[in-house]
There are 4 protein chains.
Amino acid sequence: MRAIVHRVPMSDPSDVSGVVGLIESGTVAADDILAILGKTEGNGCVNDFTRGYATASLKTALAEQRGCRPKDLDGKVAFVMSGGTEGGLSPHFLVFARAADGAPAAGQKRLALGTAFTRAFAPEEIGRRAQVEETAAAVRAAMTEAGITEAGDVHYVQIKCPLLTRERMAEAEARGQRVATEDTYHSMGLSRGASALGVALALGEVAAVPPDAAIGHDLTLFSSRASTSAGIELMRNEIMVAGMSAAWGGDLVIDHAVMKDGIDLPAAQGVLGRLGLPVGGQLDEMTRTRFVALLAKAEPSRSGTIRGARHIMWDDSDINATRHARALVGGVLAGLIGDTRLFVSGGAEHQGPDGGGPVAIIARAH
Amino acid sequence: MRAIVHRVPMSDPSDVSGVVGLIESGTVAADDILAILGKTEGNGCVNDFTRGYATASLKTALAEQRGCRPKDLDGKVAFVMSGGTEGGLSPHFLVFARAADGAPAAGQKRLALGTAFTRAFAPEEIGRRAQVEETAAAVRAAMTEAGITEAGDVHYVQIKCPLLTRERMAEAEARGQRVATEDTYHSMGLSRGASALGVALALGEVAAVPPDAAIGHDLTLFSSRASTSAGIELMRNEIMVAGMSAAWGGDLVIDHAVMKDGIDLPAAQGVLGRLGLPVGGQLDEMTRTRFVALLAKAEPSRSGTIRGARHIMWDDSDINATRHARALVGGVLAGLIGDTRLFVSGGAEHQGPDGGGPVAIIARAH
Amino acid sequence: MRAIVHRVPMSDPSDVSGVVGLIESGTVAADDILAILGKTEGNGCVNDFTRGYATASLKTALAEQRGCRPKDLDGKVAFVMSGGTEGGLSPHFLVFARAADGAPAAGQKRLALGTAFTRAFAPEEIGRRAQVEETAAAVRAAMTEAGITEAGDVHYVQIKCPLLTRERMAEAEARGQRVATEDTYHSMGLSRGASALGVALALGEVAAVPPDAAIGHDLTLFSSRASTSAGIELMRNEIMVAGMSAAWGGDLVIDHAVMKDGIDLPAAQGVLGRLGLPVGGQLDEMTRTRFVALLAKAEPSRSGTIRGARHIMWDDSDINATRHARALVGGVLAGLIGDTRLFVSGGAEHQGPDGGGPVAIIARAH
Amino acid sequence: MRAIVHRVPMSDPSDVSGVVGLIESGTVAADDILAILGKTEGNGCVNDFTRGYATASLKTALAEQRGCRPKDLDGKVAFVMSGGTEGGLSPHFLVFARAADGAPAAGQKRLALGTAFTRAFAPEEIGRRAQVEETAAAVRAAMTEAGITEAGDVHYVQIKCPLLTRERMAEAEARGQRVATEDTYHSMGLSRGASALGVALALGEVAAVPPDAAIGHDLTLFSSRASTSAGIELMRNEIMVAGMSAAWGGDLVIDHAVMKDGIDLPAAQGVLGRLGLPVGGQLDEMTRTRFVALLAKAEPSRSGTIRGARHIMWDDSDINATRHARALVGGVLAGLIGDTRLFVSGGAEHQGPDGGGPVAIIARAH
């Protein structure tokens, strides 16, 4: 068993030729694909239809390759689109797959991938303890599937989670239930936050299920390895765990760190160092061939400052705060890697400290 | 003689309390101020009134401190406001002054500042060879004033230059003259470009005055040390040269490099190294006390790519391309310095190669 | 006594030449100016500095005309800038003044103006009953000053009101008080809403001071004649009442209606009709000479629909919802009047029904 | 033969349930559909992917209904998506179909529809005389197909036309040809303009094919009935003509006018009057049942003014000028009709005078 991770460019949200090319060239078997992440060029906010457009385009193409209907892919492949390529970020897809070949070598851990899905949530469970608990259980299941035995070997957990719509709120109210918020946009943050706390619980980063009131509010509680994203098209959580396991072969490795704020370059340098890559500055052309992918979360600090200096992300009524945050973190990390094809996504509730966030890097072992 | 450079925060474009504080605390004498640069939080494009608002607020305050009228400051102090604090950039003022104390030490060069002003241009001269030639002469005059004898000792030239308005075009046409462009916005780029080529000419970076047709078009011609900015409120070029001179004392030094693209972190690391600062990654708290200011230009590459990967700056009809570029370069450099109070400005025609730009750093000598 | 109302164009937020021109031409005496409203070209949201820039420019110019210092104008002249000239709206100033000449004619009412100011509010009073009650008292005082004896003769009440800042919240908390909201942006809406309810109370549109919990929430409570705007530069409410009074002469008259939604053209047609202007469609060039000014409020309906059809104002993360609303209402009314110099402002909490708002028109009597 | 025109709502760009509902309810036969126009909620500019997303969703759904593959619809059904629902405009689809029933009544004309397609253009023909001439021929063919015998009976011509991409430019250059512009965005305007001039030529609104230099420049040349839209997915022009013909039955009628500027309400009132609808203001609920659809073009005036008053559309670097223009015209017309489901599209080169544009209304005959 070995993990496969590929980045392919996207000329627009419907351009899935890169993914199809991987399959048709035999690089990846269509049936081996576990998840496709996409960095699409929308605004990453409410009216970002590049995510749905890319997902629909991917489903049509992958179903054709697999010889099934698009809807048959539900629950089999996770499609996680993150809108927003501000600054210099480059639109691309990240394909995660698992191949049967690749025997593990003794005494050596390699990148391992596992997926799991929670049951569907009732609207009133979204952004609350139930979502935290179910997510934690699913993370543990995905770890088992991936053959990852210790929480410390988990370096990245990607989750796609549901949000509340007017219809879903109404359905809950009709049953006499109260939802966590009546603000659709706010429900995205609560769902992301509860999902991240589920990861934190599964990995021992929080000791117990936090009270509902802490979700979205107590920023001292967070996972250093969660990356969660809310979407309208599902009612359950879809989880992909990436970590290190002795049961996997291949040549890929992963590590992570927590950026304590948006300009925490040393955190990312630390990851490079632990992966055996140079840390003195930007990767050069030679060492960059060992670099495979970077995944990070970005969020404007609620304090309105970075190391004491005012930022204007929250005050800019022309550009959404998360767009500024992605541009900033994308710049910091592109400077280090020498590559703009980075999966930097926004909305980092309970995913790292206020204003910071996790950064994970996948590389080829040397 | 010694140079004084201070960064002070700005809570909004009218907040000049930081500048006033420098004067009232005795740190800088009001009469010693040569130039005030400002990074304001507007969009940096056509309808960015934060620049005018900040300039008006500064003039009122500085005139009060000097005991003169605001308009008496014209031609004495250069006010250069650059709009746009995208990503994590922090709004601030940069005050450049010159104090009579500070004897030079033998065999040692220190930061030297000089200013000069061209004659007023006729509208038809803007963006053309006349502007290039006059600017070159003024740069040489400012070098002389600064006691900088060699072009190689110039590390940064800030220029504020005029633009064309409908009225100015009409005035030229009434005299039977043709202006370089009938597009007001385009005239800003041509004026910035001609001014930058004037710097290149004065510093020997281009061999001769280029033909009018090359201005704004031949991107192989550029200065590695020019930073030019167009404004509506003047008809001449205002120039501040910053370089190294044996005639100056104090403890400030300056160096520069050219970023070959928006993510050229190694270029900025090279500057830090030449200034005797650590180059292995982000400045730590200790070494950051030696850091005084960073000035850089940012521009989206016309190719639409960065190292072969597509960027979306030109295609984004919601956020102006220069805003993306500032966010990117601001992130790259903030990651290195560990500080977001950086003077990153857009509009880099003939200021560095396509998609790149100069970066200058002022530090305390050790 | 007669009222004077003039619209003058603004080429940018600092262009007060139109106002100065009114004074220097003798059209308006500097000392007679009661209020200057401005429609400036910023985004009308948090980082709209065109309002402050215009106010500062007006104060400097008017102080020079009056021979006083800018700060001496506080509490004497109300400066109310409303940002946002979306769609076709044209930036302009609206000058309201009162001249001693102009004897009233028997049996005839004319436009009457009055101003009043509340005491300064404590931070914890903003957006609460205290602000409602004090505002109601001040509206009554302004009516008395204007010689308006019946609530039915009041057609427009412009209020500038304070907002909460972090500092003001902290000051209240230090005294053990709780403010109405800890969200600065939200405090603007609460302050506008409480001020509008103060108008409603004074004019008998609500029967009693509503409970704190209704402020910002119970949209069935509203004034049909309030237009309120929050600003950072004051802690009290500044009020200008415009109505009809038998004690005033001159040739100006005013009337108003409530637009029940953003496309309620018939409401505005009704106002024209009551003022004796043609109602069959757009004013023609002849009748337009009788038109003096139009003031209206615009707000996106919380339902997300207009007459059952979905609007996208709330879902557009690139353009703030209030910008869409101003553009829409501006278009509807410009189509009717044949003029884009209309004072359409956003933020209509408790100022008309959800999605609608008051519209007042000032005309020359025939 | 009779024409069928239906508006159906769109909850997001992929929501084709309204169109499918028309077919499944038997209101429209899938095979009878000639064209589907869509007003989608993107920015209407370069990176507006809502158009492609809606088109892809429509093709998939309609192919399923027709029992063919999506690509089999090319050249049979015109899909014209116009991005931008600024102000209060409501996203919707407009379905145009032709049913075999509906005998014409003697002496009475009814709405007639015809489609035609030009040959594919070479890149160097786009935005030039060849495109004008071919379009004119195709308009005449579509008139013939629709049984419209006189140019005066044509009231609306919708055209979808190609644009230049880097690849297309390169292909032309490889053959030694020069394209009309090297700016992709500019090519959209030239293609729209040349297509509109083709309509003008076919309808006798211009006397002869204008020289290439006039295309995009000589604003005195225009069609009062063209509405053209550029898209990347085709290389030919697709044309739908809507007019009045004695050969058609049914109960639909159409008329049009030219708005001379963005606030020309009387022009639209004139159309209502000629269609026998009330002209005194907004349609009331009763008469609105006779209203079927409105199609209009919006464009910011190049002069920067509307009836002498400055607009800020061109100067706003946060919101594209065409977005302001659509919001304005949408407001003016929604005020008249009392309905926000209007097809107001931008990019009106040679489609009406500078700052104005055609407006066509389809109604039920009484």
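One can find the structure itself at the top, above this paragraph.
The paragraphs below set out a description of the structure included in this document. (Residues numbered from 1 in each chain as written. Chains lettered and ligands numbered in written order. Predicted model: local features only at pLDDT ≥ 70, side-chain atom pairs only at ≥ 80, totals over all residues. Heavy atoms only, no water.)

1. Description of the relation of the copies chain B and chain A
Item 1. Superposition of chain B onto chain A requires a rotation of 180° combined with a translation of 0.0 Å along the rotation axis, giving an RMSD of 0.0 Å. What the rotation and shift describe, once combined, is the action of a two-fold rotation axis.
Item 2. Comparing contact sets, 100% of the residues at the interface of chain B also lie at the interface in chain A, consistent with an isologous, same-surface contact. (Least-squares fit on C-alpha atoms with pLDDT ≥ 70 in both. Contact = heavy atoms within 4.5 Å.)

2. Considerations on the relation of the copies chain C and chain A
Item 1. Rotating chain C by 180° and translating it 0.1 Å along the rotation axis places it on chain A, where the RMSD comes to 0.0 Å.
Item 2. The overlap is high: 100% of the interface residues of chain C also sit at the interface in chain A, so the same surface is used on both sides.

3. Some points on the interface of chain B and chain A
Item 1. Taken together, the 42 residues of chain B in the interface contact 43 residues of chain A.
Item 2. Buried surface at the junction of chain B and chain A, summed over both partners, amounts to about 2900 Å²; 54% is from carbon and sulfur atoms.
Item 3. Seen at the junction of chain B and chain A, the total is 4 salt bridges.
Item 4. Across the salt bridge formed by Arg310 of chain B and Glu41 of chain A, the nearest N and O atoms sit 2.6 Å from each other.
Item 5. If you look at where chain B meets chain A, you find 16 residue pairs in polar contact (both at pLDDT 80 or more).
Item 6. Elements that contribute at least two residues to the side of chain B that touches chain A include exactly helix H6 (265–274), strand E12 (309–310) and helix H8 (321–337) of chain B.
Item 7. The element that contributes the greatest number of residues to the side of chain B that touches chain A is H8 of chain B, accounting for 9 residues. (Buried area = accessible area lost by both parts, 1.4 Å probe. Salt bridge = Lys/Arg side-chain N within 4 Å of Asp/Glu carboxyl O. Polar contact = N/O pair within 3.5 Å; in protein donor to acceptor, adjacent residues only side chain to side chain. Helix = DSSP H or I, 4+ residues; strand = E, 2+ residues; numbered from the N terminus.)

4. Topic: the environment of Thr27 of chain A
Residues and elements named next belong to chain A.
Item 1. Mapped onto the secondary structure, Thr27 falls in the loop between helix H1 (17–24) and strand E2 (33–40).
Item 2. Here Thr27 falls in the partly exposed class, since its relative accessible area comes to 35%.
Item 3. Taking C-alpha positions, Thr27 is 9.0 Å from Ile4, a pair spaced 23 residues apart along the chain.
Item 4. The residues contacting Thr27, other than those within four sequence positions of it, are Ile4, His6 and Leu22.
Item 5. Reaching out from Thr27, the side chain makes a polar contact with the side chain of Ser25 at a distance of 2.7 Å. (Buried < 20%, exposed > 50% of the residue type's maximum accessible area, 1.4 Å probe, protein only.)

5. Notes on the pattern of salt bridges
Item 1. Counted by the stated rule, this structure contains 106 salt bridges over all chains.
Item 2. Arg341 of chain B is the partner of Asp339 of chain B in a salt bridge, and the nearest nitrogen-oxygen pair spans 3.0 Å.
Item 3. Note on Asp339 of chain B: relative accessible area 8%, which makes it buried.
Item 4. Overlapping salt bridges, with partners in common, bring together Glu86, Arg323 and Arg326 of chain A, Asp316 of chain B together with Asp318 of chain C in one network.

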